[in-house]
Amino acid sequence: MSTIGERLKILRKEAGLSQKQVAETLKMSKPIVSQYESNQRKPSLGKLIRFSRFYNASLDYICGNVDEKGELLGDIEALLATDKKYQE
C-alpha cells in the first residue's frame, strides 16, 4: 500500500509538474509540498481535499485505500441499502 506522500508524488509527476508549480497553484510553500511527498509531514483534511480537487483524484486514492485514481472505497448509498438497520 502506498503512503499519502507517495501518492501525491505520483500524481504530481503524472501531471508533469514541479513541486514549485504545485506549491504556487495551491498557495503553499515548496518545502511543505516536499515534506508531504517525503512523508515528513501529514497534510490536513483541508489540504487533502485541495490536492484531490487539483489532481482530480479521489481521497481514497490519495490515502492509499484504493489503487485507481478515480475509484472510491465504497458507495455510501449502496452500503446503506444493504444494511437493514438503516432501511427504516
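So, here is what we can say about the structure in this document.

Cut-off values and rules
Along every chain, residues carry numbers that run from 1 in the direction the sequence is written. A pLDDT threshold of at least 70 governs which residues receive local features in this predicted model, and a stricter bar of 80 or more applies before side-chain atom pairs are shown or counted, although totals over entire chains, interfaces and linings include all residues. Side-chain numbers come from the whole structure's heavy atoms, not from hydrogens or water. In DSSP terms, a helix is any run of H or I states spanning at least four residues, a strand is any run of E spanning at least two, and both are numbered starting from the N terminus. Three labels apply to residues, based on accessible area from a 1.4 Å probe with only protein chains included: buried if under 20% of the type maximum, exposed if over 50%, partly exposed otherwise in between. For our purposes a nonpolar core is just a set of buried Ala, Val, Leu, Ile, Met, Phe, Trp, Tyr and Cys residues, chained together by side-chain atoms within 4.5 Å. To obtain the arc, one takes the directions from the helix axis to the C-beta atoms. Any two residues having at least one pair of non-hydrogen atoms within 4.5 Å are treated as being in contact.

So, the environment of Lys42
Tracing the sequence through the fold places Lys42 in the loop between helix H3 (30–37) and helix H4 (45–55). Given a relative accessible area of 74%, Lys42 falls into the exposed group. As a C-alpha pair, Lys42 and Ile4 span 38 residues in sequence and 7.9 Å in three-dimensional space.

Regarding the nonpolar core
One broad rule of soluble globular proteins: the nonpolar side chains tend to lie buried together. With 16 residues, the main nonpolar core has Met28, Phe51, Tyr55 and Ile62 as its most contacted residues. Among the secondary structure elements, those contributing two or more residues to this core are helix H1 (4–14), helix H2 (19–25), H3, H4 and helix H5 (59–62).

Digging into H4
Along H4, the residues classified as buried are Leu48, Phe51, Ser52 and Tyr55. Taken around the axis of H4, the buried residues stretch over an arc of 100°, which confines them to a single face. The inward-facing, buried residues of H4 contact H1, H2, H3 and H5.

As for unusual backbone geometry
Positive phi, close to 60°, is recorded for Lys27, a residue that is not glycine. By secondary structure assignment, the location of Lys27 is in the loop between H2 and H3. The backbone phi angle of Asn56 is positive, close to 55°, even though this residue is not glycine. Taking relative accessible area as the criterion, Asn56 reaches 66% and is therefore assigned exposed.

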